[in-house]
Structure formats: structure tokens, C-alpha cells
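Structural description and commentary
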Amino acid sequence: MTTKNETSITAEPGKQELFITREFNAPRDMVFKAFTTPELLIQWLTPCDLKIRLEKFDSRSGGAYRYVHIDANGNEFGFHGSVHEVMAPERIIQTFEFEGLPESG
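Summarised in this report is the structure supplied together with it.

Calculation criteria
Residues numbered from 1 in each chain as written. Predicted model: local features only at pLDDT ≥ 70, side-chain atom pairs only at ≥ 80, totals over all residues. Heavy atoms only, no water. Helix = DSSP H or I, 4+ residues; strand = E, 2+ residues; numbered from the N terminus. Buried < 20%, exposed > 50% of the residue type's maximum accessible area, 1.4 Å probe, protein only. Contact = heavy atoms within 4.5 Å. Areas by Shrake-Rupley, 256 points an atom, 1.4 Å probe, with all protein chains shown as cover. Lys, Arg positive; Asp, Glu negative; His and termini not counted. Charge placed at Lys NZ, Arg CZ, Asp CG, Glu CD.

Structural notes on the overall build of the protein chain
Broken down by element type, the protein chain carries 2 helices and 7 strands. Of the regular secondary structure in the protein chain, the N- to C-terminal order runs β-β-α-α-β-β-β-β-β. Projected onto its principal axes, the C-alpha coordinates of the protein chain cover approximately 45 × 35 × 30 Å. Across the 105 residues of the protein chain, 20% fall into the buried class. Residue pairs at least 24 apart in sequence account for 17% of intrachain contacts in the protein chain once pairs closer than 6 positions are excluded. Total accessible area computed for the protein chain in this model is approximately 8100 Å², and 53% of it derives from carbon and sulfur atoms. Here the protein chain contributes 11 positively and 16 negatively charged side chains, and the mean placements of these two sets differ by 4 Å.

Right, here's the structure in full:
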């Protein structure tokens, strides 16, 4: 039995999308709960040197989310996305957008 957590990232040249697949050495019910329960999500989603403000969080199919990371200087970094599919406890398909990226032209 492997004890390693694994993350794979697939990004095709010329496309504005990427796919992140994560595998955790933990019971899938527990991992699913950590992704869909606001109180748990904020415990692991934020880097140690930042704070988080969860402004919107609907983890159901068709839902959406928005959160803001805040650094020690008060700078804010927003992220948002749509939740396309939730199949408990197997899969969550969602978008993720960093709000500070410049517009592509």
C-alpha cells in the first residue's frame, strides 16, 4: 500500500485550461468532506502565511464559490469558480480562476 499523496497536472499547449488530479492517502469520505465543508476547507486551503475569507461557498452541482487570501500586508488575492459536478464521495469537477490575472487579448 502506498502512503504517498500524488498530484498530476495536465496542461496542453495553446489551451487556457488545465486539469489537476489529486490522490490522497486518506479515506475518500474524509477527503470529500474536506473539499465540501467550509469549516474544513479553510483549514487546509490557505498557505500558512495567509488568512482566508470565504465569501461564497456552494459545493453542490451547479454551485459556485469565492474566497480571498489575505497576506500580512493586507493585500488581497481573490479566487472564484463554478461547481459543475459533485458525485459524492467520488468526484468534484469545478473551475478555478485567479482574479488577479491580466486579461488575455
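Considering helix H1 (residues 28–36)
All buried positions along H1 are accounted for by Val-31, Phe-32, Ala-34 and Thr-36. Tucked into the core, H1 has its buried residues touching helix H2 (38–45), strand E3 (51–57), strand E5 (76–87) and strand E6 (91–94).

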